[in-house]
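# Results of the structural survey
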Amino acid sequence: KAGVTQTPRYLIKTRGQQVTLSCSPISGHRSVSWYQQTPGQGLQFLFEYFSETQRNKGNFPGRFSGRQFSNSRSEMNVSTLELGDSALYLCASSSPRGALTQYFGPGTRLLVL
Amino acid sequence: ELKVEQNPLFLSMQEGKNYTIYCNYSTTSDRLYWYRQDPGKSLESLFVLLSNGAVKQEGRLMASLDTKARLSTLHITAAVHDLSATYFCAVDIGGSQGNLIFGKGTKLSVKP
């Protein structure tokens, strides 16, 4: 089975711009979660989607949003980028059945200048 | 607010030695996860611990869970250089496995 894929892998933006990141889960997985990883704050949960519905949301401002499509692919959007949004954004997918493990993608490294 | 604390945050050990990483969490949870992250890479799942007293082993790594003490340990036996990485524990909240709260991670360096 192919793993979780994320595009793009690297991105450079300037303050005030917006960005959209994409995640394709493992085939058959319907839950997709997004995390932000920074050296200062570590790994922080952004949101989780299941069957096109946001099931959980972390403590991030409204500039961070996401959605999930009927094929379980997910996108996250960050509007009005700030320098502090520079981070590795990780997507993870899991199956409602079985091992309960979240499988992480390679991440998108975002640099905001 | 759920907090997950790992210690130590940095660990330098010699090959062949044993050591334990500790993970404390502040509220009730029935599932605890251990992940490994190599520099510049994503997270690799190591263990999922589902119940009190659960113990899982893979190679030189063994993880255990004590839900009453809200404590998980990751024990490293006879460390080798290939184990050098950052290890994270994570706890889920809200009843779905899609919402994990991570510890800060333990950066392990195994020296010959």
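Up top you'll find the structure we're talking about.
Residues numbered from 1 in each chain as written. Chains lettered and ligands numbered in written order. Predicted model: local features only at pLDDT ≥ 70, side-chain atom pairs only at ≥ 80, totals over all residues. Heavy atoms only, no water.

### Side note on the pairing of strand β5 (residues 42–50) of chain A
Residues and elements named next belong to chain A. Counting buried positions along β5 yields eight of nine residues, so the element is predominantly enclosed. As judged from the eight bridges shared by strand β4 (residues 31–38) and β5, these two strands associate in the antiparallel manner. In the strand pairing of β5, Ser33 is matched with Glu48. Note that β5 and strand β6 (residues 53–57) share four bridges and pair antiparallel. Following the sheet pairing, Phe50 is matched in β6 by Thr53. In sequence, β5 turns back onto β6 through a hairpin of two residues, with Ser51 there showing a positive phi of about 50°. (Buried < 20%, exposed > 50% of the residue type's maximum accessible area, 1.4 Å probe, protein only. Helix = DSSP H or I, 4+ residues; strand = E, 2+ residues; numbered from the N terminus. Pairing = 2+ DSSP bridges.)

### A look at the sheet that holds strand β7 (residues 61–66) of chain B
Residues and elements named next belong to chain B. Pairing is antiparallel in the open sheet, where five strands are placed in the order β1-β3-β8-β7-β6. At either end of the open sheet lies a strand with only one pairing partner, and these are β1 (4–7) and β6 (55–58). Across the sheet, the axes of successive neighbouring strands diverge by a mean angle of 15°, strand direction being ignored. (Axes fitted to C-alpha atoms, helices over the stretch in contact; angles between N-to-C directions.)

### So, the environment of Gln68(A)
Residue and element names in this part refer to chain A. By the secondary structure assignment, Gln68 is in strand β7 (residues 64–68). The class of Gln68 is buried, set by a relative accessible area of 6%. Sequence separation between Gln68 and Tyr49 is 19 residues; the distance between their C-alpha atoms is 6.4 Å. Sequence-distant contacts of Gln68, that is, excluding residues within four places in its chain, are made with Arg30, Val32, Tyr49, Phe50, Ser51, Glu52, Thr53, Arg73 and Ser74. A distance of 3.3 Å separates a polar side-chain atom of Gln68 from the backbone nitrogen of Phe50. A polar side-chain atom of Gln68 sits 3.2 Å from the main-chain amide nitrogen of Ser51. (Contact = heavy atoms within 4.5 Å. Polar contact = N/O pair within 3.5 Å; in protein donor to acceptor, adjacent residues only side chain to side chain.)

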